[in-house]
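An overview of the molecular structure
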Amino acid sequence: MRYEIRVDGLMSETLTKAFPELDHVVMSGQTVLFGPVVDEAHLYGLLARCQSLGLRVLEMRRIPE
């Protein structure tokens, strides 16, 4: 399954490297992380990583394969 996580603001290159399994794009003042998520534990791990880095998650959704 694939997911998209929208984060408020522009993430630095250093921050995006904290998510090596995801690609990213910047759109309208938001950083969009997207890519494969192995299972529910991985998904919660990604959210915990966002929280530990002080990122504000605006939206998370499953996207088509």
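Scroll up to find the structure this text is about.
Some points on the pattern of salt bridges
- This structure, assessed with the given rule, holds 5 salt bridges.
- Glu4 is the partner of Arg6 in a salt bridge, and the nearest nitrogen-oxygen pair spans 3.1 Å. The same class applies to Arg6 and to Glu4, which are both buried.
- The residue Arg56 makes a salt bridge to Asp8 at a minimum N-O spacing of 3.4 Å. Separated by 48 residues along the polypeptide, Arg56 in the loop between α2 (40-52) and β4 (57-63) and Asp8 in strand β1 (residues 2-8) bring together distant segments of the chain.
- Of the residues examined, Arg56 reaches a relative accessible area of 54% and is grouped as exposed.
- Sharing partners across several salt bridges, the network here consists of Glu4, Arg6, Glu59 and Arg61.

Calculation rules
Residues numbered from 1 in each chain as written. Predicted model: local features only at pLDDT ≥ 70, side-chain atom pairs only at ≥ 80, totals over all residues. Heavy atoms only, no water. Salt bridge = Lys/Arg side-chain N within 4 Å of Asp/Glu carboxyl O. Buried < 20%, exposed > 50% of the residue type's maximum accessible area, 1.4 Å probe, protein only. Helix = DSSP H or I, 4+ residues; strand = E, 2+ residues; numbered from the N terminus.

Honestly, that's just the spatial picture; any functional story needs more than this.
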